[in-house]
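Overview (structure and organization)
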Amino acid sequence: MRMVFRWFGQYDRIPLKHIKQIPGVEGIVWALHHIPVGEEWSMEDILEVKKQADEYGLNIDVVESVNVHEDIKLGLPTRDKYIENYKRTIEKLAKVGVKVICYNFMPIFDWTRTDLFKPLEDGSTALYFERAKVENMDPKELVNKISKDPQFVMPGWEPERLKHLSELFEAYKNVGEEDLWENLRYFLEQIIPVAELNDIKMAIHPDDPPWTIFGLPRIITNKEGIRRLLSLIDSPYNCVTLCSGSLGANPNNNIPEMVREFIDRIPFAHIRNVKVFKNGDFIETSHRTSDGSLDIYEIVKAYHDNRFTGYVRPDHGRRIFDEECRPGYGLYDRALGIMYLWGIWDSLEKARQEEKYASD
Ligand code: DNO
């Protein structure tokens, strides 16, 4: 596994020199967050990120995300213009050696939580989702809550775009799950050939949480959805970002089983733990297996058994040690998460070598 770390560039308080000091991290997971969704990325800005990463010997192989314009998800006639921009962006990213683009196909909202700093028993805070609250909430209230801190624009919660919330909801009134599948197919039919030519894997991120919210359709929520996505275009470039925490919020999703089934189409993995409660609420925890509902050991083992050579990032972390940080994306807990993942991986590796010597 190749360890990478999400970095928000000019919007990040964490300097690259600190990322470089986390054992085994070879690259950053990045994006041009200042470019409005749908616009073509500029080569100048891309090269600037490359220059900064080069200075610390970090690669820029994984981009998360090149976001998909709402008109594409809605299937509007204007989508073609945005799809062309997307293709040009892929071509430019290939020029600097990008290998994976993570994206998602969630209507309006990206990942959703009801609380960004929910206290845990140990005094740390974490991202929290209260199911009943969302079911009874006006989406505007949620937008105000999540995008209120101008210091930390949350990925997928750009205030500019969400200003038009009522129009967006209106536009989705007649878009059901099957329409969304159809619009995803249309997008991929055009994008995947360009990705193939440019040797970049397109890795869709599952819906987070993996169920419908505010009546909006969500389709990448379980193994059947992932199977359907992969069969829409049968190309090794049509892939998935297997996010354990997103899918794991539904206890019916068996993550190690999914890793084993989809391994050839997982160029990028997000690994984190989540504690799921009986009523459907969940809270993010440390990466350690005993702290959450997911067996992180079994997940890493599923990758190790399959000799996984793709990219992995620790996913959200708690806010610990009083760090002033973007919710979910502090330095400390993600660094601890990485060490836990390496601990599991290295033990498995050692055991494999010992077994090999014993049988030689
Ligand atoms: C949240 C992230 C998501 C993810 C996108 C991918 O922290 O996991 O915002 O980056 O869904 O497009």
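Located above this text is the structure these notes cover.
None of these values were measured; they are calculated from a predicted model.

A short note on the pattern of salt bridges
Side chains that differ in charge, positive against negative, can pair when their charged atoms come close. Across all of its chains, the model carries 33 salt bridges by this definition. For Glu284, the salt bridge identified is with Arg113, shortest N-O distance 2.7 Å. Here Glu284, found in strand β11 (residues 282–284), pairs with Arg113, found in the loop between β4 (100–103) and β5 (115–119); they are 171 residues apart in sequence, far enough to count as distant. A relative accessible area of 0% places Arg113 in the buried class. A salt bridge links Arg227 to Glu261, with the nearest nitrogen and oxygen atoms 2.6 Å apart.

Some details on the site of the ligand
Among the 13 residues in the neighbourhood of the ligand, the closest are listed as Glu64, Ser65, Asp110, His316 and Tyr329. One of the side-chain nitrogen or oxygen atoms of Arg6 is found 3.4 Å away from an oxygen atom of the ligand. With respect to the ligand, the side chain of Tyr329 contributes an N or O atom lying 2.6 Å from an oxygen atom. In a pocket analysis with a 2 Å cut-off to the grid points, the ligand is assigned to the largest cavity. Looking at the shell around the ligand residue by residue, the classes come out as 5 nonpolar, 4 polar and 4 charged.

A look at a nonpolar patch on the surface
On the surface, Phe321, Tyr332 and Leu336 cluster together to form a nonpolar patch covering roughly 330 Å² of accessible area. Its relative accessible area of 61% is what places Phe321 among the exposed residues.

Parameters and conventions
The numbers attached to residues start from 1 for each chain and follow its sequence in the written order. Reporting in this predicted model follows two pLDDT cut-offs: at least 70 for local features of residues, and 80 or more for side-chain atom pairs to be given and counted; totals over whole chains, interfaces and linings ignore these cut-offs and use all residues. To obtain the side-chain values, all non-hydrogen atoms of the structure were included, while hydrogens and water were left out. We define a salt bridge as a side-chain nitrogen of Lys or Arg found within 4 Å of a carboxyl oxygen belonging to Asp or Glu. The helix count covers DSSP runs of H or I at least four residues long, the strand count covers runs of E at least two residues long, and both are numbered beginning at the N terminus. Relative accessible area decides the class of each residue, using a 1.4 Å probe on protein chains only: under 20% of the type maximum gives buried, over 50% gives exposed, and in between gives partly exposed. The rule for a residue being near a molecule or strand is that one of its heavy atoms must lie within 4 Å of it. A 3.5 Å cut-off defines polar contacts: any pair of N or O atoms within that distance qualifies, except that in protein one atom must be a possible hydrogen donor and the other a possible acceptor, and neighbouring residues in sequence count only when both atoms are side-chain atoms. Throughout, the protein atoms alone are placed on a 1 Å grid, and a set of points is a cavity if a 1.4 Å probe fits but cannot get out or a pocket if it is open with protein on both sides within 12 Å along at least five of seven lines; lining residues have an atom within 4 Å of a point. The way we define it, a molecule is inside a pocket or cavity when more than half of its atoms are within 2 Å of that pocket's grid points. When residues are grouped by polarity, Ala, Val, Leu, Ile, Met, Phe, Trp, Tyr, Cys and Pro land in nonpolar, Asp, Glu, Lys and Arg in charged, and all others, Gly among them, in polar. Within the patch definition used here, like charges are joined within 9 Å and nonpolar side chains (Val, Leu, Ile, Met, Phe, Trp, Tyr) within 5 Å, considering only residues with over 30% relative accessible area and no salt bridge. In these tables, accessible area is a Shrake-Rupley quantity obtained with a 1.4 Å probe, and a residue counts as shielded only by the protein chains included in the view.

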